[in-house]
Amino acid sequence: MSQTPIILIADKEQNSQPPTAETLDLVFNCTIEHVSTEEALDASLHKSTVSILVLDLEFSYSCENLEFIHTVKSSHPETLILPMIPASKPQLAKQVMELDLFYFVHKPLDPVEL
């Protein structure tokens, strides 16, 4: 029996998760989790195998956005990272691709785009 995939949404905004979670669960039969702090993200990544991490590029306070992605990517290579690029910063798309991340979503998050 295969394990239900876990999609973890790391976004400081608390209200971004509920409609997204319901839509994704209906379409993909997956478990949706949401974290809004770096401590909660770290705990979630260590307690379970996250299939996809949807990561807000403005999530981390402690380091640069792309440096934060690199840190997560190197410590959890089995997790697919899907960055959320804020609508106000489209130039980040090029920088994300330089990290060998060829897929990203726009913020605000649209479940249809996933």
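Residues numbered from 1 in each chain as written. Predicted model: local features only at pLDDT ≥ 70, side-chain atom pairs only at ≥ 80, totals over all residues. Heavy atoms only, no water.

J.: Please set out the nonpolar core residue by residue, giving values where relevant.
T.: Across soluble globular proteins, nonpolar side chains have a tendency to be buried as a group. Grouped together as the largest cluster of nonpolar side chains are 20 residues, with contacts concentrated most on Leu8, Ala10, Leu41, Leu53, Leu55, Phe59 and Ile81. For this core, the elements supplying multiple residues, two or more each, are β1 (6–10), α2 (38–47), β3 (52–56), α3 (65–75), β4 (80–86) and α4 (92–97). Setting aside its immediate chain neighbours within four residues, Ile81 contacts Leu53, Leu55, Ile69, Val72, Lys73 and Leu101. Ile7, Ile9, Ile32 and Val54 belong to the second-largest nonpolar core, a separate cluster that totals eight residues. (Core = buried A, V, L, I, M, F, W, Y, C linked by side-chain atoms within 4.5 Å. Buried < 20%, exposed > 50% of the residue type's maximum accessible area, 1.4 Å probe, protein only. Helix = DSSP H or I, 4+ residues; strand = E, 2+ residues; numbered from the N terminus. Contact = heavy atoms within 4.5 Å.)

J.: Before we move on, can you summarise the pattern of salt bridges with the specific residues and values?
T.: A pair can form between side chains of opposite charge whenever their charged atoms are brought close. Counted under the stated rule, the structure contains two salt bridges. One salt bridge connects Asp11 with Lys107, and the closest N-O pair in it is separated by 3.0 Å. Taken together, the residues span a long stretch of sequence, with Asp11 in the loop between β1 and α1 (17–28) and Lys107 in strand β5 (residues 105–107) at a distance of 96 residues. With a relative accessible area of 11%, Lys107 lands in the buried category. (Salt bridge = Lys/Arg side-chain N within 4 Å of Asp/Glu carboxyl O.)

J.: Describe the pairing of β3, naming the residues involved and giving the relevant values.
T.: For β3, a buried count of four out of five residues is recorded, marking the element as mostly surrounded by other parts of the structure. In terms of strand pairing, β1 meets β3 through four bridges, oriented parallel. Across the sheet, residue Ile9 finds its bridge partner in β3, namely Val54. The pairing of β3 with β4 spans five bridges and is parallel. Within β4, the residue paired with Leu53 across the bridge is Ile81. (Pairing = 2+ DSSP bridges.)

J.: Before we move on, can you summarise the side chain of Lys107 with the specific residues and values?
T.: Only 3.0 Å separates the side chain of Lys107 from the side chain of Asp11, close enough to count as a polar contact. In this structure the side chain of Lys107 is engaged in a polar contact, spanning 2.7 Å, whose partner is the side chain of Asp56. With residues near it in sequence (within four places) discarded, Lys107 still touches Asp11, Glu13, Asp56, Met84, Ile85, Pro86 and Ala87. (Polar contact = N/O pair within 3.5 Å; in protein donor to acceptor, adjacent residues only side chain to side chain.)

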